[in-house]
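Notes for the structure review
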Amino acid sequence: MATFLYKLGRLAFRRRHFVALIWVALLTLAGVGAASAPAAGNTSFSIPGTEAQKAFDLLEQRFPGTTADGATARVVFKAPSGEKMTDTVNKATVKKTVKELSHGSEVTSVADPYKAHAVSRDGRIAYASVRYKVSGMELEDSSRDALKEAAQQARDAGLTVEIGGDALTATPETGSSEVIGIAVAAVVLVITFGSLLAAGFPLLTAIIGVGIGVSTITALASALDLGTTTSTLASMIGLAVGIDYALFIVSRYRAELAEGREREDAVGRAVGTAGSAVVFAGLTVVIALVGLSVVNIPMLTKMGVAAAGTVAIAVLIALTLIPALLGYAGRRIKPAGEKSKLLGGGRAKSAGKQARPNMGTRWASFVVRRPVAVLLLGVVGLGAAAIPAASLELGLPDDGSQPTSTTQRRAYDLLSEGFGPGFNGPLMIVVDAKDNAHPKAAFTEVGDEIKGLKDVVTVTPAAPNKAGDTATITVIPKSKPSSATTEDLVHAIRDKGAGITARTDAKVLVTGSTAMNIDFSQKLNDALLPYLALVVGLAFLLLILVFRSILVPLKAALGFLLSVTAALGAVVAVFQWGWLSGLFGVEQTGPVMSMMPIFMVGVVFGLAMDYEVFLVTRMREAYVHGEKPAQAVVTGFKYSARVVTAAAVIMMAVFSGFIGSSESMIKMIGFGLAIAVFFDAFIVRMTIVPAVLALLGRKAWWLPEWLDRVLPDVDVEGEGLRRRDESRAGDGSRDGDGDREPVRV
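One structure accompanies this document, and this report is about it.

When helices and strands are counted, the protein shows 22 helices and 11 strands. Taking all 745 residues of the protein together, the buried fraction comes to 54%. Residue pairs at least 24 apart in sequence account for 80% of intrachain contacts in the protein once pairs closer than 6 positions are excluded. With an accessible surface of roughly 31900 Å², the protein has 59% of that area assigned to carbon and sulfur atoms.

Right, dumping it as structure tokens:
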């Protein structure tokens, strides 16, 4: 592989105009496609195989014409202090608002609070339910404006009015902190390279890669039913890995220049060695993201595949566009250790002054001398951070998790105040009595059975369809939707339903947003171990191929488990327990997002293997070239620690930028990935890994002879290039800019 990539790098360097033109054309094509594509419609959310989804599908069959996917809004009214919503003036104001709301062209129905019994017992709070023909994402701005205007008129009349539901769904904002994250990445790159030009290349290529990836997602959003979260995830991961992959190749290029190589040869060697690591690191990320499809949740599959595509683009750009840009830069890119004149380069060094070992060398030497103490400290530290993960509670965000500054959150709180916490998460019971001779009796029996359960406030009478063979019953729990008590109630109803089915042949299914969230969490929990086994297993085989070792990949996998568990512990501490919640803008604590554990396993594993590949391949390269195991660890850190540190800081900065998002899911993902990168890069890869390798010595690189013979030699370390140099040195041939050998690919 190293030899092929060496030729590819040199080809891109020579044919830089052609390579640059191709990438500009791809970016333009993707941009035009995104601009001309139809707006994305409603993102369907389905969980195949769950009871809630089966009930939802049955409703669409048995209640034709219902707009199950249509947007809804709850306009919540609260009377001034000392007044009631049943007072004549307040009642007239609400009636006028309901009349205004019903005039909308996309409105299908508006429920009058006084006819629908939607007034609280104390008379202070009431709500009007509005249903629309289209989904929240498809709703026209004029309909949203009319909704807000009607609410404002009621406010002007003296009432407190807030709006809940998905009719006000908007694209989440990431805030200025995302820009700050990119700015931090730029500063880190300048410090790492000592050159504004060299620092600009990784940023430029990462932005081009993300631009192509996100524009392609936007262009295909309508056809493939992709949501806004899909492009946000792709940009988050694509930007981080795009900068990192380019960073590693530019750094290796400067190191090759420092060894006296001609520029074209240096580019080829950078792509052949660091580029090989980029390919395998990218493969681990792609495997982890595409592996999300095993969960069998379409939304998660689409997110993973789209992000994986963006990562693949980042790898291709690093291997081709970076060499082309280095060709354009020429001698303005300095060898490693030299800075540009603008940043203080060109100053004469003190005569006779011996160069001090860099920080990476000093740190690795310290770890190699005291591996047991360092290993214990790292493992105990991560173990302590992982303790909160034992209290992990899963759920999906609703209006109750939104900032208190939003009208959706205030409407949620008003409904809880007037009707109880469970009112925001009603359960819909679907009774299929098609096989029952007396459907009405079955409907009544189901309602009576549910009324006898704990944590039930209200059970509405059964509402049958036209055929009379299926009915819906609404159940209002006492507890809020995300509570464990409500989850227990869902299971209790299903247990009762199983008994009813056995007696009457009437099927009882529980659905609704609350039940859907519970089933979603359960499905993710059930898929976590198979997903972990698949992803870690495939990556383990891949790393055996890269490192030609059994223990190094095993250590990499175990270290990942430590870092991801510690990261989940940190997420629980901040978002569930509320530790430092104000610092991160978390206004409402509660259960951790259901997809967070499996999502973090996928993404963090891919990113963790990035650092493992980049750091340990340098160590293996030194070991293969004759250094002792302990010295190879120090050599690996000498050349890679600074770059890996910069890469980790950049990733943390990019991910931290998404903590400023207005959407709780994006905020949590940004925090979780940022803290996971910190744990994995600085504690696992930079601390535990060298300590373990120092303790293992030569055993770390052991591989059974039979397996060594079976495995193909992918040559990530560039051993083929070294042998090629030796043979050329023997016959006196050259391979530089002065006397080039033709490159054949």
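Mapped onto the secondary structure, Arg-252 falls in helix α8 (residues 228–258). With residues up to four places along the chain from it excluded, the contact list for Arg-252 reads Ala-270, Thr-273, Ala-274, Arg-618 and Glu-621.

Bringing the environment of Leu-58 into the picture now. Tracing the chain through its elements places Leu-58 in helix α3 (residues 51–62). Judged by its relative accessible area of 9%, Leu-58 is buried. Spatially, the C-alpha atom of Leu-58 lies 9.6 Å from that of Leu-509, the residues being 451 residues apart in sequence. Those residues within four positions of Leu-58 in sequence are excluded, and the remaining contacts are Val-430, Asp-432 and Leu-509.

On to the packing of aromatic side chains. Per the counting criterion, the structure on display carries 12 aromatic pairs. A centroid spacing of 4.8 Å and a plane angle of 25° characterise the contact between Phe-419 and Phe-423, whose relative ring orientation is stacked. Comparing Phe-419 with Phe-423, the two get one shared label, buried. Between Phe-678 and Phe-679, the ring centres sit 5.8 Å apart and the planes meet at 55°, which makes this aromatic pair tilted. The class for Phe-679 is buried, based on a relative accessible area of 10%. Its end group placed over the ring of Phe-13, Arg-16 keeps NZ or CZ at 5.3 Å from the ring centre.

This part covers the pattern of salt bridges. The final tally for this structure, using the stated rule, is 23 salt bridges. The shortest N-O distance in the salt bridge between Arg-261 and Glu-259 comes to 3.8 Å. Of the residues examined, Arg-261 reaches a relative accessible area of 27% and is grouped as partly exposed. On the accessibility criterion, Glu-259 (52% relative accessible area) is exposed. Lys-496 serves as the salt-bridge partner of Glu-449, at 3.5 Å between the closest nitrogen and oxygen. Of this pair, Glu-449 sits in helix α14 (residues 439–451) while Lys-496 sits in helix α15 (residues 484–504); the two residues are 47 residues apart in sequence, bridging distant segments of the chain.

In this model helix α12 (residues 371–386) runs 22 Å from its N-terminal to its C-terminal C-alpha over 16 residues, within 8% of the 22 Å that 1.5 Å per residue would give. Turning to α12, its buried residues are Pro-371, Val-374, Gly-378, Leu-382 and Ala-386. Taken end-on, α12 shows its buried residues confined to a sector of 100°, consistent with a single buried face. Among the exposed residues of α12, those oriented more than 90 degrees off its buried face are Leu-376, Leu-377 and Val-380. For α12, the secondary structure elements touched by its buried residues are α11 (359–369), α17 (551–576) and α20 (664–696).

On to the nonpolar core, then. With 188 residues, the main nonpolar core has Tyr-245 and Ile-429 as its most contacted residues. For this core, the element with the most residues is helix α18 (residues 596–624), which contributes 19 residues. When neighbours within four sequence positions are excluded, Ile-429 is seen to be in contact with Val-446, Ile-450, Ala-471, Thr-472, Ile-473, Val-475, Ile-493, Val-508, Leu-509 and Val-510. Core analysis: the second largest hydrophobic core is formed by 26 residues, Val-130, Tyr-132, Ala-167 and Leu-168 among them.

The strand order across the open sheet formed by 4 strands is β2-β3-β1-β4, and the pairing between neighbours is antiparallel. Each edge of the sheet is formed by a strand with only one pairing partner; in this case those strands are β2 (107–110) and β4 (160–164). Pairwise comparison of adjacent strand axes, ignoring direction, gives a mean angle of 20° for this sheet.

About the thresholds
- Along each chain, residue indices are assigned from 1 in the same order as the chain's sequence is written.
- Local features are withheld for residues below a pLDDT of 70 in this predicted model, meaning they are given only at 70 or higher, and side-chain atom pairs are given and counted only at 80 or more; totals for whole chains, interfaces and linings count all residues.
- Excluded from the side-chain calculations are hydrogens and water; all other atoms, namely the structure's heavy atoms, are used.
- Numbering of helices and strands starts at the N terminus; helices are DSSP runs of H or I of at least 4 residues and strands are runs of E of at least 2.
- Think of it in three bands: residues with accessible area under 20% of the maximum for their type are buried, residues over 50% are exposed, and the middle band is partly exposed, with areas taken using a 1.4 Å probe on protein chains only.
- Here, residues are in contact when the closest pair of their heavy atoms is within 4.5 Å.
- The protein chains shown are the only cover counted for residues, whose accessible areas, like all others here, come from Shrake-Rupley with a 1.4 Å probe.
- Any two of the Phe, Tyr and Trp rings considered here, Trp counted by its six-membered ring, make a pair once their centres fall within 6.5 Å; the pair's planes then place it as stacked at under 30 degrees, edge-to-face at over 60, or tilted in between.
- Definition used: whenever NZ (Lys) or CZ (Arg) falls within 6 Å of the ring centre and also within 35 degrees of the ring normal, the charge is taken to sit over that ring.
- Salt bridge criterion: a side-chain nitrogen from Lys or Arg within 4 Å of a carboxyl oxygen from Asp or Glu.
- Here a helix's expected span is defined as the number of its residues, less one, multiplied by 1.5 Å.
- Each direction from the helix axis to a C-beta atom contributes to the arc, which is the arc of those directions.
- Residues enter a nonpolar core if they are buried and are Ala, Val, Leu, Ile, Met, Phe, Trp, Tyr or Cys, with the set joined through side-chain atoms within 4.5 Å.
- In this analysis, strands are considered paired if DSSP registers two or more bridges between them.
- Interaxial angles span 0 to 180 degrees and are taken between N-to-C directions of axes, which are lines fitted to C-alpha atoms, for helices over the stretch in contact.

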